Amino acid sequence: MGIDAGFDMVPPLSKGATDRLSWGQFIDHIKEHYKDDNQVEIKPNYILFKAGEHPKLPFEGHKLLRFSSKVSGSIDADTNIESYIDTVRRIAQTQFGSRIRCWNEGADQYGTYKWDEVNESLRSYEEPDDVETLTSIGQPLIGNDPIQETGAALFEIKHIPGNGRGLVARFDIPKGTQIICEKPLFTAGPMPPSELEGFLATKLKGLPKESQRQFLSLHNNFPGKKPFSGIFKTNALPCGFGSLISGVYPTICSINHSCMPNAHKSWNSLEEHETIHAVRSIKSGVEIITSYYRGGTSSERQAELKEKFGFSCTCSGCTLPPSSLQASDNRRTRIRNLDKAVGDGVRMMNNPQESLKDCYSLLQVLEEEFEGCAQALTARTYYDAFQICIMHGDQARASVFAERAYKARVICEGEDSPNTQRAKSLVLKPELHNNFEAYSKMRKSTRIMLPQGLDTTEFNKWLFKLEN
Ligand SMILES: C[S@@+](CC[C@H](N)C(=O)[O-])C[C@H]1O[C@@H](n2cnc3c(N)ncnc32)[C@H](O)[C@@H]1O
């Protein structure tokens, strides 16, 4: 008998990447805090607190249901267990917020889980999980929706000097992480400007009060007689690349623009929500920024952003010192020219080799301009290269390009995006593409006819047909 006290993790963490990341950070804090305490011992699979009933923290966070001990009587006097529970609880709450449910039987409070569930989970600490071995194509590169997984947002909304509100990372966010996914408050199709204000007024009336408040709290760069239209124009995002339907979002619309983004926004047409994924690793405290408009040179981007969104861009890409800005402008011009050349269907048909070389050059410039993080543009270029090959029946190269497109896509849109899934399906069956052999069978090859034993440079020479 005696009084138990501690905390439960409700709901338990998942095995997903984001939860693993958060748990790893929590364990690091605990190790750091107790590094000089010889009552706290690091075991192969858990941290052992040699106090009270010797509670443990497993290294695999999804296993933890409860951290607790008897705290009454001689147990406490001997080992100060309450102080350990209190400190671990405080660090856990900083990391996991309201997911940490404290209880103390002395105060008539009880844990969420039954003791037999807890004891079962404690036994599992001894056995580390099997490491999953996945093939490259089957391997999800990163976890799922962090908000669904942890209940804790990876960002906070903060004031950004000179740019109003913005989203700032609360933790280090690895490349490829889904930062947020959100349904629009509402969507709207194209319509004459004279009808927009009335349309929005009707839409708003039909929304719950909270959604109305969220819409009205968004930034308005076009104040005047048409406040709803001003807010809409400042914030609406097309539902997919080139779509005429636009959506307005309570949180995503607080993300500022950069011509050198660290995150990518994407419309998932199956789920009908917008997602934001990190396309670089984003350090805690750094602003999360997407690109509203891809654009060309800095002056073209400035003009477009002013015209379409009503602001003068002050991002890191537009405020480079003059010589760096010129170099960036030159690269952007080259990107545009190469993109146009790659998209030339007649050239793809008559001179696929030149088109492939342009894909290669385009990937090089994108890499340089976006410091290796041009994910969506990279994915599109690989998909263009795929199409060039498949139209001429070259399944071997097409399959490699589809795999590269898939890997770039999964980083900026996630595994469940229809674009990602389409690219993935083409890796194994490139011949299922509508345009298979549409231009010729000149370069007929099968998916498995890949050259063996080449280093990366030689393989790329073969892949992009650079040798001739
Ligand atoms: C969709 S809102 C983004 C959130 C906004 N900062 C807020 O306070 O709600 C777009 C507005 O943010 C500001 N903004 C975003 N990115 C910017 C940038 N790169 N340079 C200058 N202002 C920017 C502009 O006022 C722009 O019209």
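This is a predicted model, so every value here is computed, not measured. (Residues numbered from 1 in each chain as written. Predicted model: local features only at pLDDT ≥ 70, side-chain atom pairs only at ≥ 80, totals over all residues. Heavy atoms only, no water.)

## Description of the overall build of the protein chain
Next, step 1: Tallying secondary structure elements over the protein chain gives 16 helices and 16 strands in all.
Next, step 2: Burial analysis of the protein chain (468 residues in total) assigns 48% to the buried set.
Next, step 3: Put simply, 68% of the contacts in the protein chain that link residues at least 6 apart link residues at least 24 apart.
Next, step 4: As displayed, the protein chain has an accessible area near 23,200 Å², and 52% of this comes from carbon and sulfur atoms.
Next, step 5: The protein chain carries 56 positive and 59 negative side-chain charges, and their two centres are separated by 7 Å. (Helix = DSSP H or I, 4+ residues; strand = E, 2+ residues; numbered from the N terminus. Buried < 20%, exposed > 50% of the residue type's maximum accessible area, 1.4 Å probe, protein only. Contact = heavy atoms within 4.5 Å. Areas by Shrake-Rupley, 256 points an atom, 1.4 Å probe, with all protein chains shown as cover. Lys, Arg positive; Asp, Glu negative; His and termini not counted. Charge placed at Lys NZ, Arg CZ, Asp CG, Glu CD.)

## What to know about the pattern of salt bridges
When the charged atoms of two side chains with opposite charge come close together, those side chains can pair.
Next, step 1: A full pass over the atoms with the stated rule returns 26 salt bridges.
Next, step 2: The salt bridge partner of R347 is D358, with a shortest N-O separation of 2.6 Å. With R347 in helix α11 (residues 345–350) and D358 in helix α12 (residues 352–369), this pair connects stretches of sequence that are eleven residues apart.
Next, step 3: Here R347 falls in the partly exposed class, since its relative accessible area comes to 23%.
Next, step 4: Judged by relative accessible area, D358 falls into the buried class, the value being 13%. (Salt bridge = Lys/Arg side-chain N within 4 Å of Asp/Glu carboxyl O.)

## Considering the confidence of the model for the protein chain
Next, step 1: Per-chain confidence: the protein chain averages 88 in pLDDT, with 91% of residues scoring 70 or above.
Next, step 2: Mean pLDDT across the elements of the protein chain ranges from a minimum in helix α5 (residues 146–150), with 44, to a maximum in strand β16 (residues 287–290), with 97. (pLDDT = per-residue confidence, 0-100.)

## Focus: the site of the ligand
Next, step 1: As a matter of local geometry, the ligand sits amid 18 residues, with N163, R165, N221, N256 and H257 nearest to it.
Next, step 2: Within the side chain of N256, one N or O atom sits 2.7 Å away from a nitrogen atom of the ligand.
Next, step 3: Taken by itself the ligand offers 570 Å² of open surface, and the protein chains cover 93% of this.
Next, step 4: Secondary structure elements with two or more residues in the shell around the ligand: β8 (164–169), α8 (227–235) and β13 (256–257).
Next, step 5: Tallied by class, the residues present in the shell around the ligand amount to six nonpolar, eleven polar and one charged. (Near = heavy atom within 4 Å. Polar contact = N/O pair within 3.5 Å; in protein donor to acceptor, adjacent residues only side chain to side chain. Nonpolar A, V, L, I, M, F, W, Y, C, P; charged D, E, K, R; others polar.)

## Comments concerning the packing of aromatic side chains
Next, step 1: This model, assessed by the stated rule, comprises 19 aromatic pairs.
Next, step 2: With 5.7 Å between their ring centres and 15° between their planes, Y383 and F386 make a pair best called stacked. Of this pair, Y383 and F386 both sit in helix α13 (residues 375–391), separated by three residues, roughly a single helical turn.
Next, step 3: F386 sits in the buried class, given a relative accessible area of 0%.
Next, step 4: On the basis of an interplanar angle of 45° and a centroid distance of 5.4 Å, the ring pair of F459 and W462 is categorised as tilted. Within this pair, F459 and its partner W462 are both found in helix α16 (residues 456–463), separated by three residues, close to a single helical turn. (Phe/Tyr/Trp six-rings, centres within 6.5 Å; stacked < 30°, edge-to-face > 60°.)

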